[in-house]
Every structure is written in structure tokens, then in C-alpha cells.
Amino acid sequence: MKKKVLIIDDEISICSTLSFALKDKYDVRMAIEPYDAIKILQNEFINICLLDLRLGGHDGNELLIKIKEMDPTIIVIIMTAYASIDTSVEAIRRGAYTYLAKPLNLGELFLVLEQAIEYQQLNEKVEYLNKEIEKKYVYNGIIGRSPQMKNIYMMIEKLKNVDTSVMILGESGTGKEIIAKALHYSGKRKNEKFVGVNCAAIPETLLEGELFGYKKGAFTGAVADMKGKFEVANKGTLFLDEIGDMTLSLQAKLLRVLQEKEFTPLGSNEKRNFDIRVLAATNKDITSLVEKGSFRQDLYFRINVVQIHIPPLRERKQDLRLLINHFIGLHNKELGKHIKGMSKEAQRKLLDYSYPGNVRELSNILEYAMVLTDDETIEADDLPQEVSYYQKNRVGHSESVFKEDLLGLSLKKIEAKIIHATLINNNGHRQKTAKMLGISERGLRNKIKEYDINI
């Protein structure tokens, strides 16, 4: 089947000439007004647009943006008699595939069209393969192919259909609740409720009522009966997140409830039975808390029958590219963006970063970059400063630089070395270098002159 090409030019003669030249190989449409072009794009699937930058009183760049918003997969080739580097760079920055100057050379046009179709087909194939790869390495909403994550998948498979209590350990942002949900929704209780409680987010005075419920008038502010999470989660799963932050007095009450399998709402004398599976999680060293006496040993043994430890992201970099692709796709939908990927330099920075906030931080980093960029590719400069700062202080440097290269030098020589290394790291960009060093550009120029620094 012929690929569809839409010619958008306010000169009817050019539309007709190009249509005649292309009709044997392509299914051609024509539009002389932006409105007509948009109408065609709304009603038909177009592969390639040949777009004139000057459309009477309209700006072709604005129409280019509109086309890419409607369908980012459409290849847009700019045509203009006003050829210049500035306009071509601007058009390509806004999503154009390439730029051709009028009068068009038909041989060049046919070659560019063939290359554009190949490029489009390659993108479609890459997108399909990325989706297939992600499917292969997604387990109940968890993304990863590293040995550590495969071991967690195996644990979930073994534990999903039993009521054994599980303690999920991991740093903040590693995805402890996702693991808990995977245990619930892949198991025999999946048709019942999954109820989560963040023990660290609720004040101690309110947490007991949150867990066990209360009767009207039980305390000031209790204006109506309220069901507790144990009652709401009955037959399902109760997830006690950040249980390490629970006070000792409430730990004692929780232990008694778990042992007796019954609870009493505040202000009531009526005991209520429950049938739930309890999962717990914490980002703290729970064994250390037990040793210090800030977490009850008997409660620890009750809820810690099996442990699942989620490794920090810095220890499973093998999963990073899968996670990046996942979050780019997710944020594209949320932000209405059409980001296709990132430059090699941006990838390198993300691969080398340590992620103290783990997977949650990675998601935030990508959202930040996607909000700021106007392109379809995330560049290194789009990344948050902490990522760039971390990278810049690690690339090509080590502890030996300070011990061997700088030891014994005068302060001026050390300053010259640091300025020189920072300039090299920033490819000679003085504004970025000055910002990183915390001095003005004028101050940097004076230092470069004073120390006779060349790069």
C-alpha cells in the first residue's frame, strides 16, 4: 500500500506540481491553508507532511507544532524559499525531520522521502520491540530483569497463595508497596480489598482509631462511627507500611490483636473477628530497632515470618534502562508529551548516578527533564542539577587526584587545576563552568587569563 503524503503550501501551482511528481509512488493529499491540513490529518492517517514555512499570513512553525501534537509519528519535512541555518535548526528543534530549500530538487526530494519512510519504519519497530521487552520483564507491575528482582519474583510466586506474614525491607523509594500489591493481586485474596496504612504519616493519637475504628463519642472529634482498617480489609490484605515508626504502646496492642485475631473499636466493648493477611514494610534496620528496644521482639517474630529485601536502585543498574523507558512512556501520557528517548550523554549521566531516592527519584528526575525539554529527546542539560553535579564530580576523577595530583601544590596551582578540569568537563562552556564553580563569568575570564589556561 502506498504511503500517504500531505503537501501543505499556499501556492496551488507548487502543490499541483509536487502532487504530479509524487503520485506514481505515493498517495498524495494537498492543502493550501492550515485549517485544511488539520482537517485532513484528523480524518486520515498521514505518513509524511511536506510543509512550507511561509503559508500566507500563517507561521509554518506553529502548524508544525500542531501536527506533532496530533501525531508525533508523522514525519514533517520543511520546505522554504527562505533557507537559513537559524530557521532550519529551529524547525528541526520543533520536531521536523529535515529541511529542504526551494526550488526543490526532485531527485533530492525522492531520496529524502525514502529515507524518511525507512526512519519511520525503524522507529515503529524499535517502539514495538521496547514494548515487547518491557512486557517480558514486567511482573505484576514490578519492572526488572536483574538477578535480584528475579529472586523477588520467585519469592512472590511461592508466597502469593499462603497467609504467611511477610516483612518487606528496603530503602525509601524502592517500591515496597508495589511488592505488597503484587503479593495480594497475584494470590488467592486478589478479589478482596488491599488496604494500606502509612504508620509514619499518621499521629500516634489517631493511628489506633485508624487501625481498629471507633464509636461515636469515643473521643473529642469522634462525631460518627468509623470503621478501622482491620475491618475494612477483612477477607483481604492489610499492608502496614513504615511499621518501624509505630510506638511501643501501639505495637503491644497490635501484637495482641494479631495473636487473638480479634479487635475492639475505641469506645466499644464489642470484640470483632477478622480474617486478613498482614504484610508489613519498613525502610529502617528492623533488627537494630529490636536490639535497641524500640521495636518489640515478639511483634517482630509475629510479622517477620518471611523477609523480602528490595535492593536499592544503585545495586541493580541492569534494570535502569527498562525503568527509564517505562517512566518516559508513563509521563508522556500524564504530561501530554511525545518524548522518544534521550541522548547518549543523558543516558550516561543517569547510569552513573547513585539514586539515593531510588526508583521514586528516577521517576521524578525524568518528569523534571520532560517538563523542561521542548524536544523529543532528553538531553543532558535537561536533567536536574543534582544529577549533573554528581556526575561532574565523578567523571575522570578519583580520590587519588587529591592525594597525588594536588598534594603539596600551592593554592593557586590547585585553583588553576580545578578550573582547567571543570572547563574540560563542560567542553569549554564558560557560563556552565562559572556556575559550577560559584563565580561570575567575568571572574572566570580573569582567572583563565591569570593562570594562562588553555583547553
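Attention now moves to the overall build of the chain. A tally of regular secondary structure across the chain gives 20 helices and 18 strands. For the chain, whose C-alpha radius of gyration is 30 Å, the value lies well above the compact-globule estimate of 23 Å for 455 residues. Counting only C-alpha atoms, the chain reaches 90 × 70 × 45 Å along its principal axes. Per-residue burial over the chain gives 43% buried out of 455 residues. At a minimum sequence separation of 6, the contacts of the chain that also span at least 24 residues come to 68%. When the accessible surface of the chain is totalled, it reaches about 24700 Å², and 50% of it is carbon and sulfur. Seen as two clouds, the 66 positive and the 63 negative side-chain charges of the chain have centres 4 Å apart.

A word on the sheet that holds strand β6 (residues 75–80). On the basis of which strands lie adjacent, the open sheet formed by 5 strands has the order β2-β1-β3-β6-β7 and parallel pairing. Of all strands in the sheet, those with a lone pairing partner are β2 (27–31) and β7 (98–101), marking the two edges. Averaged over all neighbouring strand pairs, the angle between strand axes comes to 20°, with direction disregarded. Two elements, strand β1 (residues 4–8) and strand β3 (residues 48–52), share 4 bridges in a ladder whose sense is parallel. Residue pairing in the sheet places V5 in a bridge with I48 of β3. Docked against the sheet, helix α2 (residues 34–43) engages β1, β2 and β3, running at close to 145° with respect to β2. Lying on the sheet, helix α3 (residues 60–70) is in contact with β1, β3 and β6; it crosses β3 at an angle near 160°.

Looking now at a negative patch on the surface. Taken together, D10, E11, E33 and D36 make up a surface patch of like negative charges. Mapped onto the elements, E11 comes out in the loop between β1 and α1 (12–22). Under the relative-accessibility criterion, E11 is labelled partly exposed at 40%.

The subject of this paragraph is the packing of helix α6 (residues 147–159) against helix α7 (residues 176–185). Two elements in contact, α6 and α7, have axes separated by 9 Å at closest approach and are oriented at 40°. Judged by the sense of rotation from one axis to the other, the crossing of α6 with α7 is right-handed. Of the residues in α7, those in contact with I152, I156 and L159 of α6 are I179, A182 and L183. Its residues assigned to classes, the contact of α6 with α7 shows 6 nonpolar, no polar and no charged.

On to a nonpolar patch on the surface, then. A cluster of nonpolar side chains, contributed by L335, Y368, V371 and L372, occupies part of the molecular surface with about 340 Å² of accessible area. Looking at the nonpolar patch, the element that brings in the most residues is helix α15 (residues 358–372), giving 3 residues. Among the structural elements, Y368 can be located in helix α15. A relative accessible area of 39% means that Y368 is categorised as partly exposed.

A few words now on the nonpolar core. L211, F230, L240, I243 and F295 are the most contacted members of the largest nonpolar core, which totals 31 residues. Among the elements of the structure, β10 (166–169), β11 (194–198), α8 (204–212), β12 (237–241), α10 (248–260), β15 (277–282), α11 (286–292) and α12 (297–303) are those that each provide at least two residues to this core. No other element matches α10, which puts 5 residues into this core. Residues in contact with L211, not counting those within four places in the same chain, are V197, G228, K229, F230, L240, M246 and L250.

With that settled, the discussion passes to the side chain of S186. Inspection of the secondary structure assignment puts S186 in the loop between α7 and β11. Judged by its relative accessible area of 15%, S186 is buried. Ignoring any residue separated from it by four or fewer positions in sequence, one finds S186 in contact with N140, I156, K160 and N161.

The final tally for this structure, using the stated rule, is 27 salt bridges. For E44, the salt bridge goes to R29, with nearest N and O atoms at 3.0 Å. With E44 in the loop between α2 and β3 and R29 in strand β2, this residue pair connects regions lying 15 residues apart in the sequence. According to the relative accessible area criterion, E44 is partly exposed, its value standing at 25%. Its relative accessible area of 23% is what places R29 among the partly exposed residues.

Bringing the packing of aromatic side chains into the picture now. Taken as a whole, this structure holds 11 aromatic pairs when the rule is applied. On the numbers, 4.8 Å between centres and 70° between planes, the contact of Y214 with F219 is edge-to-face. Residue Y214 is classed as buried on the basis of its relative accessible area, which comes to 16%. With a centroid separation of 6.2 Å and an interplanar angle of 45°, the aromatic rings of F230 and F263 are classed as tilted. Taken together, the residues span a long stretch of sequence, with F230 in helix α9 (residues 229–232) and F263 in strand β13 (residues 262–263) at a distance of 33 residues. Neither F230 nor F263 differs from the other in exposure class; each is buried.

Attention now moves to the environment of M370. Relative to the helices and strands, M370 resides in helix α15. Residue classification places M370 among the buried residues on the basis of a relative accessible area of 0%. Separated by 215 residues in the primary sequence, M370 and M155 place their C-alpha atoms 35 Å from one another. Setting aside residues up to four positions removed in sequence, M370 forms contacts with I328, H331, N332, L335, K337, I339 and I378.

It is worth spelling out the packing of helix α19 (residues 430–437) against helix α20 (residues 441–451) at this point. Between α19 and α20, the shortest axis-to-axis distance is 9 Å and the interhelical angle comes to 100°. By the criterion of interaxial angle, the relationship of α19 to α20 is roughly perpendicular. Where α19 approaches α20, its residues R430, Q431, T433, A434 and L437 are matched on the opposing element by E441, L444, R445 and I448. In the contact of α19 with α20, the residues fall into 4 nonpolar, 2 polar and 3 charged.

About the criteria used
- Residues numbered from 1 in each chain as written.
- Predicted model: local features only at pLDDT ≥ 70, side-chain atom pairs only at ≥ 80, totals over all residues.
- Heavy atoms only, no water.
- Helix = DSSP H or I, 4+ residues; strand = E, 2+ residues; numbered from the N terminus.
- Rg over C-alpha atoms; globule rule 2.2 N^0.38 Å.
- Buried < 20%, exposed > 50% of the residue type's maximum accessible area, 1.4 Å probe, protein only.
- Contact = heavy atoms within 4.5 Å.
- Areas by Shrake-Rupley, 256 points an atom, 1.4 Å probe, with all protein chains shown as cover.
- Lys, Arg positive; Asp, Glu negative; His and termini not counted.
- Charge placed at Lys NZ, Arg CZ, Asp CG, Glu CD.
- Pairing = 2+ DSSP bridges.
- Axes fitted to C-alpha atoms, helices over the stretch in contact; angles between N-to-C directions.
- Patch = residues over 30% accessible without salt bridge, like charges linked within 9 Å, V, L, I, M, F, W, Y side chains within 5 Å.
- Salt bridge = Lys/Arg side-chain N within 4 Å of Asp/Glu carboxyl O.
- Left-handed = near helix turned anticlockwise from the far one by under 90°.
- Nonpolar A, V, L, I, M, F, W, Y, C, P; charged D, E, K, R; others polar.
- Core = buried A, V, L, I, M, F, W, Y, C linked by side-chain atoms within 4.5 Å.
- Phe/Tyr/Trp six-rings, centres within 6.5 Å; stacked < 30°, edge-to-face > 60°.
- Parallel < 35°, antiparallel > 145°, perpendicular 65-115°, else oblique.

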